[in-house]
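So the chains spell out like this:
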Amino acid sequence: MQKIVIVDRTKPQNEMVSVIEGLITGELPFEVRNSIEATLSSLQQTLNTSPRYDIVRANQRLTGGMFGQVFPNPLDWYTVERLCDEYKADAVLALENFNSDFVTTDREQLVKKTVGEGKNAQTVEVQGIYIEGVANVSAGFRLYDPFQRSIVDQQRFQKTNTWSAEAETKTQALALLIAKADATRIVGELAGAGYASKIAPMYVDVNRGFFPKSKTHPAVAKGARYAEVDQWEKAIQIWESGISTADEKTGGMLLYNIAVGYEVLGSLDLAKEWAGRAYTEFDLKKARNYVRILDQEIQNANLINKQMSRY
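What you see is a predicted model; the values in this text were computed from it and never measured. (Residues numbered from 1 in each chain as written. Predicted model: local features only at pLDDT ≥ 70, side-chain atom pairs only at ≥ 80, totals over all residues. Heavy atoms only, no water.)

S.K.: Even after reading the chapter, I still don't get the nonpolar core, so can you show me in this structure?
M.R.: The nonpolar side chains of a soluble globular protein tend to be buried, and buried together. Core analysis: the biggest nonpolar cluster contains 33 residues, and Leu 43, Leu 47, Leu 93, Phe 141 and Tyr 195 have the highest contact counts within it. When contributions to this core are tallied by element, the ones reaching two or more residues are β1 (3-11), α2 (29-48), β3 (91-115), β4 (122-145), β5 (150-167) and α5 (180-199). Apart from the residues lying within four places of it in its own chain, the contact partners of Tyr 195 are Leu 43, Leu 93, Phe 141, Leu 143, Asp 153, Gln 155 and Phe 157. Listed in part, the 32 residues of the second largest apolar core include Ala 227, Ile 236, Leu 254 and Val 260. (Core = buried A, V, L, I, M, F, W, Y, C linked by side-chain atoms within 4.5 Å. Buried < 20%, exposed > 50% of the residue type's maximum accessible area, 1.4 Å probe, protein only. Helix = DSSP H or I, 4+ residues; strand = E, 2+ residues; numbered from the N terminus. Contact = heavy atoms within 4.5 Å.)

What follows is the structure, encoded as structure tokens:
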């Protein structure tokens, strides 16, 4: 698969029944539609950040389940193949059903209040209301492969988030709490992005620290200055030059920094080798943990290479 078409399959089979069900559950159809749109937009945008797939969004909205908790029958293969032909895609990713809710609870407790003005202002505690709102979204996805005529993946993806507010009265607390429509929209975005991260490799930020200076050897700080301006090759060269004249503690720092430099440059095997030396030759405990992290990074790199090789 190289190109995937995303389709919304949450159109109710019976609009009137759906409206009545929404009124009973407190989910207004327009609020759910906004959450669905947020979920699909987040799904598409997140998948577009991955180098793995080309993504296109279908204009059609197919019948499925807006308030459904159970997956509908799978799309027939004629429909799947028609969508792939129309959008020149290799697979269909359908949002098959969708459900959201927002529940609030409240309790009495002491809340802080500012009284007075200017220099006379002070914070006091008064009896008030603490209110909490919990938004939950359940989104069911299916990924169809028309060439193998198989459902590659089927999963209900759930996300929950909590907001809170406090005030002297319940009315004031509710006014400060996030709106229901905004809460379910935000959680819908989390669900879409979460599912996208499941089916496609994503770029992530990784933070690494290194030793900026040593009390006994200037090479640590000098190399660190080059690293801070992204001249890692020069930094590694300086750190290597200081190893022969370094004491045990500083030697471990230098080797550790070299390992970080090689990881930044993409040479994970060299990074692991230098981190291992920092532990075995200079007993730097931090380097032992770094080796374990690099082992996982090497496994991840092998996996991503396998995932991207066919692409």
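S.K.: How do you make sense of the sheet that holds β4 when you look at a structure like this?
M.R.: Within a beta sheet, neighbouring strands are joined by backbone hydrogen bonds and run either parallel or antiparallel to one another. Reading across from one edge, β2-β1-β3-β4-β5 is the order of the five strands in this open sheet, with mixed pairing throughout. Because the sheet does not close on itself, it has two edges, and the strands there are β2 (54-63) and β5. On average, adjacent strands in this sheet sit at an angle of 25° to one another, irrespective of strand direction. In this sheet, β4 lies alongside β3 in antiparallel orientation, the contact comprising 23 bridges. Across the sheet, residue Val 115 finds its bridge partner in β4, namely Gln 122. In this fold helix α3 (residues 77-87) packs onto β1, β2, β3, β4 and β5, with an angle of close to 135° to the strand it touches most, β2. Seen against the sheet, α5 touches β3, β4 and β5 and runs at an angle of roughly 145° to β5. (Pairing = 2+ DSSP bridges. Axes fitted to C-alpha atoms, helices over the stretch in contact; angles between N-to-C directions.)

S.K.: Help me understand the environment of Gln 296, please; the structure alone is not making it clear to me.
M.R.: Mapped onto the secondary structure, Gln 296 falls in helix α10 (residues 285-309). The exposure class of Gln 296 is partly exposed, given its relative accessible area of 40%. Separated by 241 residues in sequence, Gln 296 and Ile 55 have C-alpha atoms that sit 29 Å apart.

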